Amino acid sequence: TSLFCGLMIAGIILFTASCGSQRTFQTKSSPTGFRKYIIVEIPDFKMSSSSAPTDATWKIPNEIAERLKKEDIFTGVSRSPVSINDGVLVVDGTLDFTPAPWYERIVATQRIIAHVRFINKSDNSIIAEATFEGTSKGGIVSGGLYFAYMRLADEIVDYIKLNYSS
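Reading the values: rules and limits
Residues numbered from 1 in each chain as written. Predicted model: local features only at pLDDT ≥ 70, side-chain atom pairs only at ≥ 80, totals over all residues. Heavy atoms only, no water. Helix = DSSP H or I, 4+ residues; strand = E, 2+ residues; numbered from the N terminus. Buried < 20%, exposed > 50% of the residue type's maximum accessible area, 1.4 Å probe, protein only. Polar contact = N/O pair within 3.5 Å; in protein donor to acceptor, adjacent residues only side chain to side chain. Pairing = 2+ DSSP bridges. Core = buried A, V, L, I, M, F, W, Y, C linked by side-chain atoms within 4.5 Å. Contact = heavy atoms within 4.5 Å.

A.B. asks: Describe the side chain of Arg-67, listing the residues and the values that go with them.
C.D. replies: Following the sequence through the fold, Arg-67 ends up in helix α2 (residues 56-71). The exposure class of Arg-67 is buried, given its relative accessible area of 19%. In this structure the side chain of Arg-67 is engaged in a polar contact, spanning 2.6 Å, whose partner is the side chain of Glu-63.

The following block contains the structure:
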């Protein structure tokens, strides 16, 4: 039993240590917040590198859209272009990912960065800009790149909620 308890404690420590960190760096703040927008439009993100996993371009925006729908902040959340322009906030993201060899991905930290511009669709002006980082420490043991995607989506949704209420 002491061996079993030791393995359980080691597993809990490994899981806790593998949880990723989140970081947000705002480069342009929104002077009025996002409260005036009724619809948020989230197109697929772009990639800054061709060596990055292409599923990130749609998985991360899908996750952001799902979480915003659950939060019920905006009247509408769309993953495709909407026909109106007034009151629409566009979340325009570019992903940055440094690939690692497969053997490093097993145990190494997985990191994905999103440079996001929040754009007023009616005049195409940039309302705010921020850089977000999602990480998963511990490689595939902690969920790997998918977990980093979810952490990144958390950061972006938290940023939107914070700027909506300001």
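A.B. asks: A description of the pairing of strand β6 (residues 110-120) should follow, citing residues and the corresponding values.
C.D. replies: The element β6 is extensively covered by neighbouring structure, given that eight of its eleven residues are classed as buried. Across nine bridges, strand β5 (residues 88-97) lies against β6 in antiparallel orientation. Among the inter-strand pairings, Leu-89 is bridged to a residue of β6, identified as Asn-120.

A.B. asks: Quick one: what's the story with the nonpolar core, residue by residue and with numbers?
C.D. replies: One finds Phe-34, Leu-68, Phe-74 and Phe-118 to be the most contacted residues of the largest nonpolar core, which totals 36 residues. Of all elements in the fold, only α2, β5, β6, β7 (125-136) and α4 (144-165) reach the threshold of two or more residues within this core. Ranked by residues supplied to this core, first place goes to α4 with eleven residues. Leaving out residues up to four positions away in the same chain, Phe-118 has contacts with Phe-34, Leu-89, Val-90, Val-91, Ser-125, Ile-126, Ile-127, Ala-128, Phe-132, Tyr-159 and Ile-160. Core analysis: the next-biggest nonpolar cluster, separate from the first, contains five residues, Ile-39, Val-82, Val-88 and Val-90 among them.

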